[in-house]
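Observations on the three-dimensional arrangement
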Amino acid sequence: MNAATSDSPRIGVYVCHCGSNIAHMVDVEEVRAWAEETLKGEGVVVARDYKFMCSSLGQELIQKDIRELGLNRIVVAACSPHLHEKTFRAACEKAGLNGYLCELVSIREHASWVHTDKAAATEKSKMIVAGGVKRVRYDEPLDPLRVPIHKRTLVVGGGIAGIQTALEIANAGYPVYLVEREASIGGHMAQFDKTFPTLDCAACILTPKMVDAGEHPNITLLTWSEVTRVEGSLGNFQVTIRKKARHVVEDLCTGCGICTEKCPKKVLDTVFEAGLGYRKAIYTPFPQSVPKYPVIDVENCTYFVKGKCKACQIFCPTGAIDFEQEDEETTVEVGNIILATGFQTFDPRRIPQYGYGRLANVFTSLEFERMSNAAGPTGGEIVLRDGKTKPQSVAIVHCVGSRDRRYNNYCSVICCMQSLKFAHLVKERTGAEVYNFYIDMRTAYKGYDEFYQRVLSEGVNLVRGKVAEITDAARLPGEEGKLIVQVEDTLAGRQRRIPVDMVILSVGLEPRKDAYETAKLFGISCSANGWYTEKHPKLDPVATMTEGIFIAGACQGPKDIPTSVAQGAAAAARVLGHIQAGEMSMEPIRASVDEARCSGCRICNGLCPFNAISFHDDRRVTEINPALCQGCGTCVAACPAGAISGTGFSDAQVMAQIEGLLWDVRV
Amino acid sequence: MSKPKFAMYWGASCGGCDIAVLNIHEKILEVDETFEIVLWPVAVDAKYADVEALPDGAITLTLFNGGIRNEENEHMARLLRRKSQILVAFGSCATEGCVPALANLYPRETLFETIYAGPSTENPEDRRPLERAAVPEGELHLPKFYPTLRTLDQVVEVDYIIPGCPPESRQIAAVLDVVFAALRGEAELPPKGSVLGAGISTVCEECPRKRDVKKIRSFRRIQDGPVDPEICLLEQGILCAGPATRDGCGALCPLAGAACIGCYGPSEGVADYGARLMSAVASVIDSRDPEEIERILDGIPDPAGAFYRFNLAGSLLRRGRWTMDGRR
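Residues numbered from 1 in each chain as written. Chains lettered and ligands numbered in written order. Predicted model: local features only at pLDDT ≥ 70, side-chain atom pairs only at ≥ 80, totals over all residues.

Within a regular strand, side chains alternate between the sheet's two faces. Residue and element names in this part refer to chain A. Counting buried positions along strand 3 (residues 73-78) gives six out of six residues, so the element sits mostly inside the fold. Alternating residues of strand 3 divide into R73, V75 and A77 and I74, V76 and A78, and every residue in both groups is buried. Summarising the sheet, strand 1 (residues 11-16) and strand 3 pair through five bridges and their orientation is parallel. Across the sheet, V15 pairs through a bridge with A77, a residue of strand 3. Here five bridges tie strand 3 to strand 4 (residues 102-106), and the two strands are oriented parallel to one another. Counterpart to I74 in the pairing with strand 4 is C102. Handedness of the crossover joining strand 3 and strand 4 through helix 3 (residues 81-94): right-handed. (Buried ≥ 20, exposed ≤ 12 C-beta atoms within 10 Å, placed from the backbone. Helix = DSSP H or I, 4+ residues; strand = E, 2+ residues; numbered from the N terminus. Pairing = 2+ DSSP bridges. Right-handed = clockwise from strand over helix to strand, strands pointing away.)

Structure, rendered in structure tokens:
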């Protein structure tokens, strides 16, 4: 018998009904009886079943047996360890048994929920229990690691979610680094005119927060900056941030705007103005930008392109222009990181039949936001691409790129409300006939459906049906010179062709194109669509599987402003909890190298996502820094010598579990 | 006083292990001096019946090389186990199946087809071996050919393991020295189940080549172009099994500029050599593009042969999967 099992295991098996969640598809009593009888030889002393093992009565059952029967190993067959591993470990600890001598095996997610044949699901549950019993014999008592928490926090992304998060933490008295890729914080919200359903002005509610963030003594604003490297783990991350050269010395610049005014070079603004307006080569994205310092767009600046001009430098009253400025890298130490990197909009050129980019008067929702914004390129006038003609009729197409297997199968959440907002604004400002084309109207949440009713009462035409095509090829009288929207009206039950002057495509939300790289940089995971994965979809929506890294806002999935703000605050609360606790306990799951068996082949050296592996050239052995190791197991699997083992996931444990799972096919 | 008895036997093997034992030079005289050799088909004349006549446990040391391919191999394994105090699985075939075990990828009928009807065989009457055949002189018997080659320890209990294809002669000599000393009462035998004549790490431990963080963008073979004499072969894209293979040979092949092919088997405590080597190699392929990864992996012409050349019978897989009608 292996040394790890020599303390003669006395194992208790506890099979949970989970109400009817498990019991409806697994014969729980049969599993219990089988385990007690068949697994006797494996050290099972007692097996019980109970309606809700996670309830206090269920936990007491285990604790009583530990005390009275002298159990030294526990197997609970219930839900996923994600849900209740901590619960049962804590229950064992209270009865004096090390929590890591308890295995939670899932007969809910792995059996009852995924099968329809009760007899087979029951047999499978027995095997799952056998796997747990075989494995638990090799479990060793472990102690959680305690790590001190650095008081500083990094927030990545200066949209509304990131701003909210930074302000919450800063207001609580702790320092925050707020990193933003663009020249100003504000994000997408700064581009909007009105916000649904209350129609309050986006700038009016956002800019005070931007100013607060910019002036807050606890917030270090790093705009025009990107994170390039992340090392360390919960409590102590070392983050390298590249400050791109602004070519404007922030200490000297007063933000007077003379440079922008004097700059002779006009550049199409494809970021803030969504391609609808122009900016200068030295610019701030918008007048209320925070910080106020402009940046030079070196790709378009006449001096950088042709070597002469320097108008900005000549006119700058404080000598703040520095053409020689270079990118700077700084490394900061933080205890926690919150990612609020937002979204990008769907590119409707991918749906050629909608004509965007080909038919001048087809606009995207972001273009319309800028157009309707009083500070935007048309001064808030809703006009056709020619810049002057008011439309007589406007079509608004919902779900562009969303809820469509060819593009994104998910609902982008905000488009219905955004489209209704557009309908209202068009109606209000132009009196045009408005047609909204929708698949299903989704107006959940407070005040949303009321807004829908209001827009209906304003005389907007709502057509239920997915638009097939937008074309300028007139077929019928009255279509000449118009854009024709071809649609199946599923309520009227017929095909319709509706001629309009202007089409607005309510484009869906997508993860940023570099979301995957960013996730990798920070060591978190993405869903198949590319949205960042939360620790639990319902109960832990702002945490990630990587301790100390949180997510907020649309980077986790499409969401509206109120939800983004709530998530920003929630993530801040989680971080503040860490900071105030001073130290946190971490799972003691770590990889370690047996130096006698390590041959120094260096296979593992480039693999660690947490940079915990280092190589000692003198002794020709690899070492793993337990403070950096997150226990992911990558190096354990890769080590060809089997010299690396993971605590809690030793070969003996894993092989024993597999042997148990294959109980019924033993030869 | 009679001398302790020694036996060496071959199952499914090439005979190289026997030669490696003879290759210990003058120490072979010490073997002869210390032991009475009761069975060693390659070196001395003895009959199975002589062994069968011995009392159980009469043989002090038996070195068994070769895998268990047929009924005769199994019979001798069981017989020698019964008669021996110390039974050693000697060499790669006995410990992990070695090259003969690659036949486990195919059903018996396919093997016979290849061997008795293949282009290298002249067999005009298309004969196949029969377990029983009537001839004018009576009935002839051939041992039953099993569908799967097994390692010695999959058939009988084994006391020690000496890996290698074949084990290095200096390592054999060193093990024999321990045995001689133990017989004189001057040393203790290592704990039962130990791997003897080898290290506990891998070939890289003994390989002097310079190594760095590995990033493989393509695989090549040594005949494809010049091989840098200083740098790790794997870093040059040559599929060297050194990182996964137990040390003990002195890194002979990498020193000669040829890839380690893995004959010393898995390192201490590794359950599946091929899986270890595969996951190690896969983890250092330097691409994230599935198609490019596919292209890089295509540079390994025979993955089963490359990763399980010596270890198929001893691996978790043991053999290929085929249906009753012989399809893999």
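There is more to say after this.
The subject of this paragraph is the domain arrangement of chain A. Per the domain assignment, the segments making up chain A are domain 1 (3-142), domain 2 (153-244 + 328-342 + 512-583), domain 3 (258-315), domain 4 (344-510) and domain 5 (591-647). Considering only residue class, the side of domain 2 of chain A that touches domain 4 of chain A consists of five nonpolar, three polar and six charged. (Domains from an automatic or database assignment. Nonpolar A, V, L, I, M, F, W, Y, C, P; charged D, E, K, R; others polar.)

What follows is about the interface of chain A and chain B. Each partner contributes to the interface: chain A provides 19 residues, whereas chain B provides 24 residues. For the side of chain A that touches chain B, the secondary structure elements donating two or more residues are helix 15 (634-638) and helix 16 (651-661) of chain A. Here the residues of the side of chain A that touches chain B sort into 11 nonpolar, five polar and three charged. (Contact = placed C-beta atoms within 7 Å.)

Moving on to the domain arrangement of chain B. All names here are of chain B. What the domain assignment lists for chain B is domain 1 (1-198) and domain 2 (203-307). Each of domain 1 and domain 2 has a C-alpha centre, and these two points are 30 Å apart. Domain 1 puts 12 residues into the contact, and the matching count from domain 2 is nine residues. If you tally residues by element for the side of domain 1 that touches domain 2, the top one is helix 5 (residues 91-96), at three residues. Tallied by class, residues from the side of domain 1 that touches domain 2 come to five nonpolar, five polar and two charged.

Moving on, we come to the packing of helix 2 (residues 56-69) of chain A against helix 3 of chain A. Residues and elements named next belong to chain A. It is at 9 Å that the axes of helix 2 and helix 3 come closest, and there the two elements cross at 40 degrees. As summarised for this structure, helix 2 and helix 3 are arranged oblique, according to the angle between their axes. You can see that helix 2 and helix 3 cross each other, and the crossing is right-handed. Taking contact as the criterion, the partners of Q59, I62, Q63 and I66 in helix 2 are, on helix 3, A91, C92 and K94. When its residues are assigned to classes, the contact of helix 2 with helix 3 shows four nonpolar, two polar and one charged. (Axes fitted to C-alpha atoms, helices over the stretch in contact; angles between N-to-C directions. Parallel < 35°, antiparallel > 145°, perpendicular 65-115°, else oblique. Left-handed = near helix turned anticlockwise from the far one by under 90°.)

This part takes up the environment of D251 of chain A. All names here are of chain A. Mapped onto the elements, D251 comes out in the loop between strand 12 (236-243) and helix 7 (258-262). Residue class for D251 comes out exposed when judged on the 7 C-beta atoms lying within 10 Å of it. Residues D251 and A320 lie 69 residues apart in sequence; the distance between their C-alpha atoms is 7.9 Å.

Looking now at the sheet that holds strand 26 (residues 494-500) of chain A. All names here are of chain A. The strand order 24-25-26 describes an open sheet built from three strands, whose pairing is antiparallel. At either margin of the open sheet sits one strand with a lone partner, and together these are strand 24 (467-471) and strand 26. Pairwise comparison of adjacent strand axes, ignoring direction, gives a mean angle of 20 degrees for this sheet. In the sheet, strand 24 pairs with strand 25 (residues 483-489) via four bridges, with the strands oriented antiparallel.

Residue and element names in this part refer to chain B. By the bridge criterion, four bridges tie strand 6 (residues 132-135) to strand 7 (residues 138-141) in an arrangement that is antiparallel. By the bridge assignment for strand 7, A133 is matched with L140. Hairpin connection, strand 6 to strand 7: the antiparallel pair is bridged by two residues.

It is worth spelling out the nonpolar core at this point. Of all hydrophobic cores here, the largest spans 112 residues; its most connected members are L178, V485 and V503 of chain A. Take this core: its biggest share by element is eight residues, from helix 11 (residues 415-430) of chain A. Contacts of V503 of chain A, omitting those with residues within four sequence positions, involve N361, V362, F363, A395, V397, I470, L483 and V485 of chain A. Counting residues in hydrophobic clusters, the runner-up holds 95 residues, among them C629 and A641 of chain A together with C93 and L239 of chain B. (Core = buried A, V, L, I, M, F, W, Y, C linked by C-beta atoms within 7 Å.)

With that settled, consider the packing of helix 2 (residues 27-34) of chain B against helix 7 (residues 169-183) of chain B. Residue and element names in this part refer to chain B. In the contact formed by helix 2 and helix 7, the axes pass within 11 Å of each other and the chain directions differ by 30 degrees. In terms of orientation, helix 2 and helix 7 fall into the roughly parallel class. Both helix 2 and helix 7 take part in a crossing whose hand is left-handed. Between helix 2 and helix 7, the residues in contact are K27, E30, V31 and T34 and A173, L176, F180 and L183, respectively.

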